[in-house]
Amino acid sequence: MTNFTDLGLAEPLIQAIETMGYEKPTPIQAAVIPAFLDGRDVIGIAQTGTGKTAAYVLPMLHALEERPSRPSPKRCRVLILAPTRELAGQIADNIRSHGRNIRHSVALIVGGARPGPQIKAMARGVDFLVATPGRLMDHMETGVLSLDDVEMVALDEADQMLDMGFLPPIRHILGSIKGKRQTVLLSATMPRQIRQLANEFLHKPAEVSVSEGAKPIERIAQHVLHIEAGAKRRVLTDILRDPELERAIVFTRTKRGADRVQLHLEKAGLRAEAIHGNRSQSQRDRTLSRFKGGRVNVLVATDVAARGIDVDDVSHVINFELPNVPESYVHRIGRTARAGKAGVAISLCDRTERAYLRDIERLISTCLLYTSDAADE
Ligand code: AMP
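Keep in mind that what you see is a predicted model, and the values were worked out from it rather than measured.

Draft legend 1. Representation of the site of the ligand within the structure. The full set close to the ligand counts 15 residues, and Tyr22, Gln29, Gly49, Gly51 and Thr53 are the nearest of them. In this structure, Thr53 approaches the ligand through a side-chain N or O atom, which is 2.5 Å from an oxygen atom. The two domains that each donate at least three residues to the shell around the ligand are domain 1 (4-213) and domain 2 (215-376).

This is how it looks when you write it as structure tokens:
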């Protein structure tokens, strides 16, 4: 059995891993870490929940420990791009906890936060810069930072960045890094445009896949309830009242839909809050910490707002509305069954959504379980 020591990681990292209680590397870690330590570019096809963040954070910290040097003002040694501020924040937390025994600095450059502190954080230079592409471009244009000294790059959730229209800024950003760099690209799926991006910017990458294409992990029990649109709210309330349900994320397609569902649940006496792009960053942070802390146990979310949310113990994912992009289904249900646990995914499918369901089934090449009892009016 591979353990972290066999992978060749430096002692301070092994100690940090022990403190965090990880027993052994996850499959994506066992594959990515040695390839990265070998100096190779890497493509990792993996969903959230597989330990993908540590798979690149650990060898990057290892490289900084091996090649200590001070970052120059306005520069960074490692650049990590992520689709959302929430994911970027979680990556920064991940770096701090894995790097607790290693001298390092981290800056976060994300939209929705005041630029002043970000400018200040960059002034002296940092080891790790974790950024969303849009805000990073703004700071590059105003000369707040330069990518001249970047030695290592990670593109996390590349397919989500593609969906959010970040491909042009990513090309621009990668194109402005001069000199030799080592790059790792993580993506849950491999659409053609991401494959092209990898061909353009990665050099003979090692490719590892732990998600069998787009297959959701098997520990998730997936159900579909075929019901009329008008019955969805009542059925949702019934599901959420199940005593087995510890913590649930309910997905809607639109922000307004998320607000409407949240209001309905609140009126029904459930502890539910909504998270979506119309909420300010501080509102989103507060909601997320109440959800993580258990003060609310139902989070109503849109796809974009939920990306990268790393909350363990989500027992149920409920698709109040099916996503019109089939890959989103895999992302959504990947919020449950994390860290080796089991999970339940329930999709409420009305007549107008059957075509979406067929697309999803084609993508994950399985027939979702058909359950009819809750559909009986
Ligand atoms: P990620 O896929 O990076 O979002 O990680 C999902 C969760 O798995 C996080 O809560 C990590 O702290 C946890 N994790 C990462 N690596 C390991 C490991 N080797 N053993 C146990 N848990 C891990």
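After presenting the structure, the write-up continues.
Draft legend 2. Structural context of a positive patch on the surface. On the surface, Arg233, Arg256, Arg260 and Lys267 cluster together into a patch of positive charge. A total of 3 residues in the positive patch trace back to one element, the largest contributor, which is helix 11 (residues 255-267). Mapping Arg233 onto the fold places it in helix 10 (residues 232-240). The class of Arg233 is partly exposed, set by a relative accessible area of 37%.

Draft legend 3. The layout of surface pockets, seen in detail. Volume-wise, the second largest pocket comes out at about 350 Å³. Forming the walls of the second largest pocket are 14 residues, and the residues nearest its centre are Ser69, Arg70, Pro71, Arg103 and Asp127. Of the residues belonging to the lining of the second largest pocket, the class tally is 4 nonpolar, 4 polar and 6 charged.

Draft legend 4. Here's a closer look at the pairing of strand 1 (residues 42-45). Of the two faces of strand 1, the one carrying Val42 and Gly44 and the one carrying Ile43 and Ile45 are both buried. Examined bridge by bridge, strand 1 and strand 6 (residues 182-187) share 4 bridges and lie parallel to one another. Considered in strand 6, the bridge of Val42 is made with Val184. Examined bridge by bridge, strand 1 and strand 7 (residues 206-209) share 4 bridges and lie parallel to one another. Residue pairing across strands places Gly44 opposite Val208, the latter belonging to strand 7.

Cut-off values and rules
- Residues numbered from 1 in each chain as written.
- Predicted model: local features only at pLDDT ≥ 70, side-chain atom pairs only at ≥ 80, totals over all residues.
- Heavy atoms only, no water.
- Near = heavy atom within 4 Å.
- Polar contact = N/O pair within 3.5 Å; in protein donor to acceptor, adjacent residues only side chain to side chain.
- Domains from an automatic or database assignment.
- Patch = residues over 30% accessible without salt bridge, like charges linked within 9 Å, V, L, I, M, F, W, Y side chains within 5 Å.
- Areas by Shrake-Rupley, 256 points an atom, 1.4 Å probe, with all protein chains shown as cover.
- Salt bridge = Lys/Arg side-chain N within 4 Å of Asp/Glu carboxyl O.
- Lys, Arg positive; Asp, Glu negative; His and termini not counted.
- Charge placed at Lys NZ, Arg CZ, Asp CG, Glu CD.
- Helix = DSSP H or I, 4+ residues; strand = E, 2+ residues; numbered from the N terminus.
- Buried < 20%, exposed > 50% of the residue type's maximum accessible area, 1.4 Å probe, protein only.
- 1 Å grid on protein atoms, 1.4 Å probe; cavity = no way out; pocket = protein on both sides within 12 Å on 5 of 7 lines; lining within 4 Å.
- Points joined across faces, edges and corners; volume = space filled by probe spheres on them.
- Nonpolar A, V, L, I, M, F, W, Y, C, P; charged D, E, K, R; others polar.
- Pairing = 2+ DSSP bridges.

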